[in-house]
Amino acid sequence: MNRVPDEALVLVPGGSLITATAEEGRALAIMMARHSIHNIQPDFDVLKGGRPNYSTTPESLIAASQVIALEFQTIAAANNYWRD
């Protein structure tokens with residue numbers, strides 16, 4: 001098996017949801033969504049093999065966006081929506 005690298009299997013990169021800005025929070029949300037997929041399917045060849053199907057299907061792209069949005073909601077709440 002061509003395994004996804006261990007650093008891509010960390011569910012909360014950096015070990016914290018706290019970010020300095022909303023932009024950093026959004027980037028963390030995308031990274032967390034990707035890491036979740038890597039944990040579900042750690043075989044890089046299988047993961048990459050499915051990409052042509054889901055990367056061109058509107059429903060799959062919408063579903064991925066929804067996952068990222070949910071991750072971002074969690075991060076935003078942890079950061080008190082970046083308010084002082």
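Right, let's walk through the structure included here. (Residues numbered from 1 in each chain as written. Predicted model: local features only at pLDDT ≥ 70, side-chain atom pairs only at ≥ 80, totals over all residues. Heavy atoms only, no water.)

The next thing to look at is the overall build of the protein. If you tally the helices and strands in the protein, you get three helices and zero strands. Secondary structure of the protein in N-to-C order comes out as α-α-α. Taken over the C-alpha atoms alone, the protein extends approximately 45 × 30 × 15 Å along its principal axes. Every one of the 84 residues in the protein was classed for burial, and the buried ones make up 24%. Contacts spanning at least 24 positions in sequence make up 72% of the contacts within the protein whose residues lie at least 6 apart. Measuring between centres, the 6 positive side-chain charges of the protein sit 3 Å from its 9 negative side-chain charges. (Helix = DSSP H or I, 4+ residues; strand = E, 2+ residues; numbered from the N terminus. Buried < 20%, exposed > 50% of the residue type's maximum accessible area, 1.4 Å probe, protein only. Contact = heavy atoms within 4.5 Å. Lys, Arg positive; Asp, Glu negative; His and termini not counted. Charge placed at Lys NZ, Arg CZ, Asp CG, Glu CD.)

Once that is clear, we can look at the side chain of glutamate 71. Among the secondary structure elements, glutamate 71 is positioned in helix α3 (residues 58-78). Although buried, glutamate 71 forms no salt bridge, and the nearest oppositely charged side chain, arginine 26, lies 10 Å from it. (Salt bridge = Lys/Arg side-chain N within 4 Å of Asp/Glu carboxyl O.)

What follows is about the pattern of salt bridges. By the definition in use, this model includes one salt bridge. Between aspartate 6 and arginine 3 there is a salt bridge, with its nearest N and O atoms 3.9 Å apart. In this structure aspartate 6 comes out as exposed when scored by relative accessible area, which is 55%. For arginine 3, a relative accessible area of 44% puts it in the partly exposed group.

Taking 1.5 Å per residue, 19 residues should reach 27 Å; helix α1 (residues 22-40) reaches 27 Å between its end C-alpha atoms and fits that length. Here α1 has its buried residues at Gly25, Leu28, Ala29, Met32, Ala33, His35 and His38. Buried residues along α1 sit against α2 (44-54) and α3. (Expected span 1.5 Å × (residues − 1).)

Quick look at the side chain of threonine 19 now. Here threonine 19 shows up in the segment before α1. Threonine 19 sits in the buried class, given a relative accessible area of 13%. A polar atom in the side chain of threonine 19 sits 3.1 Å from the backbone oxygen of threonine 21. When sequence neighbours within four positions are dropped, the list of residues in contact with threonine 19 reads Glu24, Gly25, Leu28, Ile75, Asn79 and Trp82. (Polar contact = N/O pair within 3.5 Å; in protein donor to acceptor, adjacent residues only side chain to side chain.)

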